[in-house]
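Understanding the architecture of this molecule
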Amino acid sequence: MGALKPWHIAVLVVVLILLFGAKRLPDAARSLGRSLRIIKAETKSLHDDDRDLAEKADAQAGYQPLPPNTAQQQPPQQQYAPQPQQPVDPVQRVRDN
């Protein structure tokens, strides 16, 4: 029931020629081939990029951060508590401006 027989292909070709015409079918096939070529190149570049990223990650895994230099450390800055602001009347603020 699901088998594709040779006469099915022949009917499909005839229908395509009747729908699109003999001149447009080669152009359509050419553009389809170009599209497939572009997709193939892009997927290959994606695989190459993934491989390059993996190699860079492996190379950076051996790096150790530098120890902190204790001679150049600055004393911690004092934390000041913020001063509470006095409430301002919105009407007065509009009048002042």
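Before any of the text, the structure's been laid out above.
Predicted model only: the values in this text are computed from it and were never measured.

Parameters at a glance
Residues numbered from 1 in each chain as written. Predicted model: local features only at pLDDT ≥ 70, side-chain atom pairs only at ≥ 80, totals over all residues. Heavy atoms only, no water. Helix = DSSP H or I, 4+ residues; strand = E, 2+ residues; numbered from the N terminus. Buried < 20%, exposed > 50% of the residue type's maximum accessible area, 1.4 Å probe, protein only. Areas by Shrake-Rupley, 256 points an atom, 1.4 Å probe, with all protein chains shown as cover. Salt bridge = Lys/Arg side-chain N within 4 Å of Asp/Glu carboxyl O. Expected span 1.5 Å × (residues − 1). Patch = residues over 30% accessible without salt bridge, like charges linked within 9 Å, V, L, I, M, F, W, Y side chains within 5 Å. Lys, Arg positive; Asp, Glu negative; His and termini not counted. Charge placed at Lys NZ, Arg CZ, Asp CG, Glu CD.

Structural notes on the overall build of the protein chain
Within the protein chain one finds 3 helices and 0 strands. Element order for the protein chain, N to C, with α for helix and β for strand: α-α-α. Evaluated residue by residue, the protein chain yields a buried proportion of 0% over its 97 residues. Carbon and sulfur atoms make up 60% of the accessible area of the protein chain, which amounts to about 10,300 Å² in all.

As for the pattern of salt bridges
One pass over the full model with this rule turns up 2 salt bridges. Here Arg30 makes a salt bridge to Asp27, at a shortest N to O gap of 2.9 Å. With Arg30 and Asp27 both in helix H2 (residues 24-60) and 3 residues apart, this pair spans about one turn of that helix. A salt bridge links Arg51 to Asp48, with the nearest nitrogen and oxygen atoms 3.3 Å apart. Of this pair, Arg51 and Asp48 are both found in helix H2, 3 residues apart, which corresponds to roughly one turn of the helix.

A closer look at helix H1 (residues 6-20)
The end-to-end C-alpha separation of H1 is 21 Å, in line with the 21 Å expected for 15 residues at 1.5 Å each. Two residues or fewer past H1, Gly21 is found with a positive phi of approximately 90 degrees.

Here's the deal with a negative patch on the surface
Taken together, Asp49, Asp50, Asp52 and Glu55 make up a surface patch of like negative charges. Its place among the elements puts Asp50 in helix H2. Relative accessible area serves as the criterion here: at 51%, Asp50 is assigned to the exposed category.

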